[in-house]
Amino acid sequence: MSHQNTAADEAARSFFRKTPVVLLMAAICCLLWGSAYPAIKICYRLFSITADDTAGQILIAGIRFFAAGILALTIGSLTRRQLLLPRKSSWGSIIVLCLFQTVIQYIFFYVGLAHADGAKSAIINACSAFVAIGLSTLVFRQEKLTPVKVFGCILGILGVIVVNINFSGFTWDFSLTGEGFILLSAVTYGCSSVFLKRFSAKDDPVMLSGAQFVMGGLILIVIGLAGGGRAVPTSAGALVLLTYMAFLSAAAYSLWGVILKYNPVSRIAVFSFLTPVFGFILSCLFLEDSAASAGLRSVIALILICIGIYIVNRAPQEN
(Lines give C-alpha, C1' and ligand atoms only; values in the text may rest on other atoms or scores of the structure.)
Protein backbone atom coordinates (compact mmCIF):
# COMPACT_ATOMS: atom_id res chain seq x y z
CA MET A 1 0.00 0.00 0.00
CA SER A 2 2.87 2.32 0.84
CA HIS A 3 4.44 1.55 -2.53
CA GLN A 4 1.15 2.33 -4.28
CA ASN A 5 0.86 5.65 -2.43
CA THR A 6 4.42 6.57 -3.38
CA ALA A 7 3.80 5.69 -7.02
CA ALA A 8 0.57 7.72 -7.05
CA ASP A 9 2.31 10.71 -5.46
CA GLU A 10 5.16 10.54 -7.98
CA ALA A 11 2.63 10.40 -10.82
CA ALA A 12 0.82 13.43 -9.43
CA ARG A 13 4.12 15.24 -8.94
CA SER A 14 5.11 14.58 -12.55
CA PHE A 15 1.71 15.73 -13.86
CA PHE A 16 1.37 18.92 -11.79
CA ARG A 17 4.93 20.03 -12.62
CA LYS A 18 4.26 20.02 -16.38
CA THR A 19 4.46 23.58 -17.71
CA PRO A 20 1.13 23.51 -19.63
CA VAL A 21 -0.65 22.18 -16.52
CA VAL A 22 0.92 24.83 -14.27
CA LEU A 23 0.10 27.60 -16.76
CA LEU A 24 -3.52 26.52 -17.16
CA MET A 25 -4.26 25.94 -13.47
CA ALA A 26 -2.51 29.11 -12.26
CA ALA A 27 -4.22 31.22 -14.94
CA ILE A 28 -7.62 29.78 -13.98
CA CYS A 29 -6.96 30.63 -10.33
CA CYS A 30 -6.00 34.21 -11.16
CA LEU A 31 -8.97 34.63 -13.50
CA LEU A 32 -11.32 33.43 -10.75
CA TRP A 33 -9.71 35.73 -8.16
CA GLY A 34 -9.80 38.60 -10.66
CA SER A 35 -13.52 38.06 -11.17
CA ALA A 36 -13.97 38.68 -7.45
CA TYR A 37 -13.12 42.38 -7.95
CA PRO A 38 -16.37 43.28 -9.77
CA ALA A 39 -18.32 40.50 -8.07
CA ILE A 40 -17.66 41.92 -4.60
CA LYS A 41 -18.75 45.43 -5.63
CA ILE A 42 -21.93 44.12 -7.25
CA CYS A 43 -22.61 41.87 -4.25
CA TYR A 44 -22.40 44.82 -1.86
CA ARG A 45 -24.97 46.66 -3.96
CA LEU A 46 -27.30 43.64 -4.04
CA PHE A 47 -27.04 43.28 -0.23
CA SER A 48 -27.38 47.07 0.34
CA ILE A 49 -23.95 47.29 1.99
CA THR A 50 -22.38 50.73 1.69
CA ALA A 51 -18.69 51.52 1.19
CA ASP A 52 -18.25 52.59 4.83
CA ASP A 53 -20.09 49.56 6.29
CA THR A 54 -17.01 47.60 7.34
CA ALA A 55 -18.99 45.24 9.60
CA GLY A 56 -21.33 44.37 6.75
CA GLN A 57 -18.41 43.74 4.42
CA ILE A 58 -16.74 41.44 6.95
CA LEU A 59 -20.03 39.59 7.52
CA ILE A 60 -20.48 38.99 3.77
CA ALA A 61 -16.87 37.80 3.58
CA GLY A 62 -17.48 35.41 6.46
CA ILE A 63 -20.56 33.91 4.82
CA ARG A 64 -18.69 33.63 1.52
CA PHE A 65 -15.63 31.92 2.99
CA PHE A 66 -17.66 29.60 5.24
CA ALA A 67 -19.64 28.46 2.20
CA ALA A 68 -16.39 28.16 0.21
CA GLY A 69 -15.00 25.82 2.86
CA ILE A 70 -18.08 23.60 2.79
CA LEU A 71 -17.90 23.49 -1.03
CA ALA A 72 -14.18 22.64 -1.06
CA LEU A 73 -14.59 19.82 1.45
CA THR A 74 -17.69 18.46 -0.32
CA ILE A 75 -16.15 18.50 -3.80
CA GLY A 76 -12.88 17.09 -2.45
CA SER A 77 -14.73 14.25 -0.72
CA LEU A 78 -16.72 13.41 -3.88
CA THR A 79 -13.69 13.40 -6.17
CA ARG A 80 -11.65 11.26 -3.75
CA ARG A 81 -14.62 9.04 -2.91
CA GLN A 82 -13.92 9.37 0.79
CA LEU A 83 -14.79 11.86 3.50
CA LEU A 84 -12.21 14.64 3.49
CA LEU A 85 -11.84 15.61 7.15
CA PRO A 86 -8.89 16.99 9.15
CA ARG A 87 -6.81 14.68 11.33
CA LYS A 88 -5.91 15.70 14.88
CA SER A 89 -2.38 16.53 13.72
CA SER A 90 -3.75 18.84 11.01
CA TRP A 91 -5.46 21.40 13.24
CA GLY A 92 -2.32 23.39 14.01
CA SER A 93 -1.73 23.90 10.28
CA ILE A 94 -5.38 24.77 9.70
CA ILE A 95 -5.35 27.43 12.44
CA VAL A 96 -2.22 29.06 11.02
CA LEU A 97 -3.66 29.10 7.49
CA CYS A 98 -7.01 30.37 8.79
CA LEU A 99 -5.36 33.34 10.50
CA PHE A 100 -2.98 34.29 7.70
CA GLN A 101 -5.08 33.49 4.61
CA THR A 102 -8.54 34.48 5.78
CA VAL A 103 -8.95 36.36 9.06
CA ILE A 104 -5.95 38.69 9.48
CA GLN A 105 -5.39 39.17 5.75
CA TYR A 106 -9.02 40.04 5.07
CA ILE A 107 -9.44 42.43 8.02
CA PHE A 108 -6.23 44.32 7.19
CA PHE A 109 -7.22 44.51 3.53
CA TYR A 110 -10.71 45.90 4.01
CA VAL A 111 -9.86 48.35 6.77
CA GLY A 112 -6.89 49.50 4.69
CA LEU A 113 -8.95 49.75 1.52
CA ALA A 114 -11.35 52.11 3.29
CA HIS A 115 -8.46 54.51 3.99
CA ALA A 116 -6.31 54.11 0.87
CA ASP A 117 -6.55 54.76 -2.85
CA GLY A 118 -7.71 51.75 -4.88
CA ALA A 119 -4.85 51.91 -7.38
CA LYS A 120 -2.21 52.09 -4.67
CA SER A 121 -3.93 49.24 -2.84
CA ALA A 122 -3.73 46.98 -5.89
CA ILE A 123 -0.06 47.83 -6.44
CA ILE A 124 0.89 47.30 -2.79
CA ASN A 125 -1.14 44.10 -2.59
CA ALA A 126 0.82 42.73 -5.56
CA CYS A 127 3.86 42.72 -3.27
CA SER A 128 2.50 39.47 -1.76
CA ALA A 129 4.38 37.61 -4.50
CA PHE A 130 7.65 39.18 -3.33
CA VAL A 131 6.80 38.25 0.27
CA ALA A 132 6.05 34.63 -0.66
CA ILE A 133 9.25 34.27 -2.68
CA GLY A 134 11.34 36.07 -0.05
CA LEU A 135 10.07 33.82 2.76
CA SER A 136 10.45 30.70 0.66
CA THR A 137 14.04 31.49 -0.31
CA LEU A 138 15.49 33.44 2.61
CA VAL A 139 13.59 32.17 5.67
CA PHE A 140 12.38 28.62 4.99
CA ARG A 141 15.11 27.79 2.43
CA GLN A 142 12.64 25.93 0.22
CA GLU A 143 14.47 27.14 -2.90
CA LYS A 144 17.22 29.51 -4.01
CA LEU A 145 16.77 33.23 -4.68
CA THR A 146 18.28 34.15 -8.04
CA PRO A 147 18.59 37.41 -10.01
CA VAL A 148 16.38 35.86 -12.70
CA LYS A 149 13.50 35.33 -10.23
CA VAL A 150 13.88 38.87 -8.87
CA PHE A 151 13.85 40.34 -12.39
CA GLY A 152 10.76 38.32 -13.34
CA CYS A 153 8.94 39.61 -10.25
CA ILE A 154 9.96 43.20 -11.01
CA LEU A 155 8.43 42.88 -14.48
CA GLY A 156 5.29 41.48 -12.89
CA ILE A 157 4.85 44.34 -10.46
CA LEU A 158 5.55 46.84 -13.26
CA GLY A 159 2.62 45.28 -15.10
CA VAL A 160 0.39 45.77 -12.04
CA ILE A 161 1.56 49.40 -11.81
CA VAL A 162 0.79 50.02 -15.49
CA VAL A 163 -2.75 48.74 -15.24
CA ASN A 164 -3.57 50.53 -11.97
CA ILE A 165 -1.74 53.82 -11.85
CA ASN A 166 -3.26 57.12 -12.93
CA PHE A 167 -0.83 59.91 -12.26
CA SER A 168 -3.45 62.65 -12.60
CA GLY A 169 -5.07 61.65 -9.32
CA PHE A 170 -2.28 59.66 -7.74
CA THR A 171 -0.60 60.75 -4.50
CA TRP A 172 2.37 59.24 -2.71
CA ASP A 173 0.97 59.68 0.82
CA PHE A 174 1.31 56.72 3.20
CA SER A 175 -0.76 56.11 6.34
CA LEU A 176 -0.62 53.22 8.80
CA THR A 177 -4.34 52.45 8.70
CA GLY A 178 -4.50 52.85 4.92
CA GLU A 179 -1.51 51.81 2.84
CA GLY A 180 0.15 50.32 5.93
CA PHE A 181 -2.72 47.88 6.49
CA ILE A 182 -2.77 46.98 2.77
CA LEU A 183 0.94 46.16 3.04
CA LEU A 184 0.32 44.03 6.14
CA SER A 185 -2.45 42.28 4.22
CA ALA A 186 -0.01 41.50 1.40
CA VAL A 187 2.53 40.20 3.91
CA THR A 188 0.04 37.85 5.58
CA TYR A 189 -1.20 36.60 2.20
CA GLY A 190 2.37 35.97 1.06
CA CYS A 191 2.99 34.03 4.27
CA SER A 192 -0.09 31.90 3.65
CA SER A 193 1.30 30.67 0.30
CA VAL A 194 4.54 29.54 1.93
CA PHE A 195 2.69 27.90 4.83
CA LEU A 196 0.32 26.12 2.44
CA LYS A 197 3.27 24.64 0.57
CA ARG A 198 4.90 23.46 3.81
CA PHE A 199 1.72 22.02 5.31
CA SER A 200 0.59 20.28 2.10
CA ALA A 201 3.65 18.03 2.33
CA LYS A 202 1.79 16.16 5.09
CA ASP A 203 -1.87 17.02 4.47
CA ASP A 204 -4.18 17.22 1.48
CA PRO A 205 -4.16 20.86 0.21
CA VAL A 206 -7.87 20.76 -0.63
CA MET A 207 -8.68 19.62 2.92
CA LEU A 208 -6.45 22.36 4.34
CA SER A 209 -8.12 24.98 2.13
CA GLY A 210 -11.64 23.88 2.97
CA ALA A 211 -11.10 23.54 6.71
CA GLN A 212 -9.34 26.89 7.08
CA PHE A 213 -12.11 28.60 5.09
CA VAL A 214 -14.79 27.10 7.37
CA MET A 215 -12.96 28.22 10.49
CA GLY A 216 -12.01 31.63 9.12
CA GLY A 217 -15.51 32.21 7.77
CA LEU A 218 -17.06 31.52 11.16
CA ILE A 219 -14.64 33.94 12.85
CA LEU A 220 -15.44 36.68 10.32
CA ILE A 221 -19.19 36.08 10.71
CA VAL A 222 -18.89 36.55 14.48
CA ILE A 223 -16.81 39.72 14.02
CA GLY A 224 -19.24 41.10 11.45
CA LEU A 225 -22.33 40.42 13.58
CA ALA A 226 -20.64 41.81 16.70
CA GLY A 227 -19.92 45.01 14.77
CA GLY A 228 -23.56 45.38 13.77
CA GLY A 229 -23.20 44.03 10.24
CA ARG A 230 -26.26 42.89 8.35
CA ALA A 231 -26.58 40.95 5.09
CA VAL A 232 -30.12 41.10 3.69
CA PRO A 233 -30.42 40.06 0.02
CA THR A 234 -32.48 42.37 -2.16
CA SER A 235 -33.10 39.72 -4.83
CA ALA A 236 -32.44 36.10 -5.77
CA GLY A 237 -29.53 37.37 -7.84
CA ALA A 238 -27.76 38.38 -4.63
CA LEU A 239 -27.74 34.77 -3.41
CA VAL A 240 -26.62 33.48 -6.81
CA LEU A 241 -23.70 35.91 -6.87
CA LEU A 242 -22.72 35.08 -3.29
CA THR A 243 -22.75 31.38 -4.21
CA TYR A 244 -20.46 32.12 -7.16
CA MET A 245 -18.08 34.05 -4.91
CA ALA A 246 -17.95 31.08 -2.54
CA PHE A 247 -17.28 28.76 -5.47
CA LEU A 248 -14.45 30.87 -6.88
CA SER A 249 -12.72 30.98 -3.50
CA ALA A 250 -13.07 27.22 -3.01
CA ALA A 251 -11.94 26.33 -6.51
CA ALA A 252 -9.10 28.84 -6.86
CA TYR A 253 -7.48 28.31 -3.47
CA SER A 254 -7.79 24.53 -3.72
CA LEU A 255 -6.19 24.47 -7.19
CA TRP A 256 -3.51 26.92 -6.00
CA GLY A 257 -2.73 24.62 -3.08
CA VAL A 258 -2.37 21.60 -5.38
CA ILE A 259 0.14 23.24 -7.73
CA LEU A 260 2.02 24.80 -4.80
CA LYS A 261 2.39 21.32 -3.31
CA TYR A 262 4.37 20.10 -6.31
CA ASN A 263 6.19 23.25 -7.46
CA PRO A 264 8.58 25.88 -6.05
CA VAL A 265 6.79 28.86 -4.52
CA SER A 266 8.49 31.31 -6.93
CA ARG A 267 7.20 29.42 -9.96
CA ILE A 268 3.59 29.75 -8.78
CA ALA A 269 3.63 33.06 -6.85
CA VAL A 270 4.66 35.07 -9.92
CA PHE A 271 1.31 34.20 -11.54
CA SER A 272 -0.49 36.22 -8.84
CA PHE A 273 0.45 39.39 -10.75
CA LEU A 274 -2.23 38.36 -13.26
CA THR A 275 -5.03 38.68 -10.69
CA PRO A 276 -5.27 42.51 -10.55
CA VAL A 277 -5.01 42.69 -14.35
CA PHE A 278 -7.89 40.24 -14.78
CA GLY A 279 -9.74 42.18 -12.09
CA PHE A 280 -9.17 45.46 -13.95
CA ILE A 281 -10.34 44.02 -17.28
CA LEU A 282 -13.43 42.35 -15.79
CA SER A 283 -14.28 45.50 -13.81
CA CYS A 284 -14.18 47.46 -17.06
CA LEU A 285 -16.58 44.94 -18.62
CA PHE A 286 -19.05 44.57 -15.74
CA LEU A 287 -18.81 47.86 -13.84
CA GLU A 288 -18.31 50.27 -16.74
CA ASP A 289 -15.19 51.61 -15.07
CA SER A 290 -13.18 51.68 -18.29
CA ALA A 291 -11.05 54.67 -19.18
CA ALA A 292 -9.88 55.70 -22.65
CA SER A 293 -6.55 53.97 -22.17
CA ALA A 294 -7.91 50.87 -20.44
CA GLY A 295 -7.38 48.56 -23.42
CA LEU A 296 -3.82 49.68 -24.12
CA ARG A 297 -2.87 49.59 -20.44
CA SER A 298 -4.23 46.06 -20.11
CA VAL A 299 -2.25 44.84 -23.12
CA ILE A 300 1.00 46.42 -21.88
CA ALA A 301 0.45 45.04 -18.37
CA LEU A 302 -0.25 41.53 -19.63
CA ILE A 303 2.86 41.60 -21.83
CA LEU A 304 5.07 42.64 -18.92
CA ILE A 305 3.54 40.08 -16.55
CA CYS A 306 3.69 37.26 -19.10
CA ILE A 307 7.36 37.99 -19.79
CA GLY A 308 7.98 37.94 -16.02
CA ILE A 309 6.14 34.61 -15.67
CA TYR A 310 8.13 33.17 -18.58
CA ILE A 311 11.45 34.29 -17.09
CA VAL A 312 10.72 32.80 -13.65
CA ASN A 313 9.37 29.53 -15.08
CA ARG A 314 12.31 29.25 -17.48
CA ALA A 315 14.74 29.26 -14.55
CA PRO A 316 15.89 25.82 -13.29
CA GLN A 317 13.43 24.44 -10.71
CA GLU A 318 14.95 23.18 -7.47
CA ASN A 319 12.08 21.08 -6.18
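Our structure's up above, just so we're on the same page.
Procedures and definitions
Residues numbered from 1 in each chain as written. Predicted model: local features only at pLDDT ≥ 70, side-chain atom pairs only at ≥ 80, totals over all residues. Heavy atoms only, no water. Helix = DSSP H or I, 4+ residues; strand = E, 2+ residues; numbered from the N terminus. Buried < 20%, exposed > 50% of the residue type's maximum accessible area, 1.4 Å probe, protein only. Contact = heavy atoms within 4.5 Å. 1 Å grid on protein atoms, 1.4 Å probe; cavity = no way out; pocket = protein on both sides within 12 Å on 5 of 7 lines; lining within 4 Å. Points joined across faces, edges and corners; volume = space filled by probe spheres on them. Nonpolar A, V, L, I, M, F, W, Y, C, P; charged D, E, K, R; others polar. Salt bridge = Lys/Arg side-chain N within 4 Å of Asp/Glu carboxyl O.

1. Structural notes on the overall build of the protein
Right, on to step 1. Within the protein, the regular secondary structure consists of 13 helices and zero strands.
Right, on to step 2. Its helices and strands in sequence order give the protein the pattern α-α-α-α-α-α-α-α-α-α-α-α-α, from N to C terminus.
Right, on to step 3. Taken across its 319 residues, the protein has 53% of its residues classed as buried.
Right, on to step 4. Looking at the protein alone, contacts between residues at least 24 apart form 88% of all its contacts between residues at least 6 apart.

2. Focus: empty space enclosed by the protein
Right, on to step 1. Considering all chains together, one arrives at one cavity of 30 Å³ or more under this definition.
Right, on to step 2. Ser128, Ala129, Ala132, Tyr189, Ser193, Trp256, Ala269 and Ser272 are the residues that line the largest cavity.
Right, on to step 3. With three residues, the single largest contributor to the lining of the largest cavity is helix H6 (residues 128-139).
Right, on to step 4. When grouped by side-chain class, the residues that make up the lining of the largest cavity number five nonpolar, three polar and no charged.

3. Some points on the pattern of salt bridges
Right, on to step 1. One pass over the full model with this rule turns up three salt bridges.
Right, on to step 2. Measuring nitrogen to oxygen at the nearest pair gives 2.7 Å for the salt bridge that ties Asp204 to Arg80. Here the residue Asp204 occupies a position in the loop between helix H8 (176-199) and helix H9 (205-226), and Arg80 occupies one in helix H3 (residues 54-80), the gap between them amounting to 124 residues.
Right, on to step 3. A relative accessible area of 22% means that Asp204 is categorised as partly exposed.
Right, on to step 4. Look at Arg80 and you get partly exposed, because its relative accessible area is 33%.

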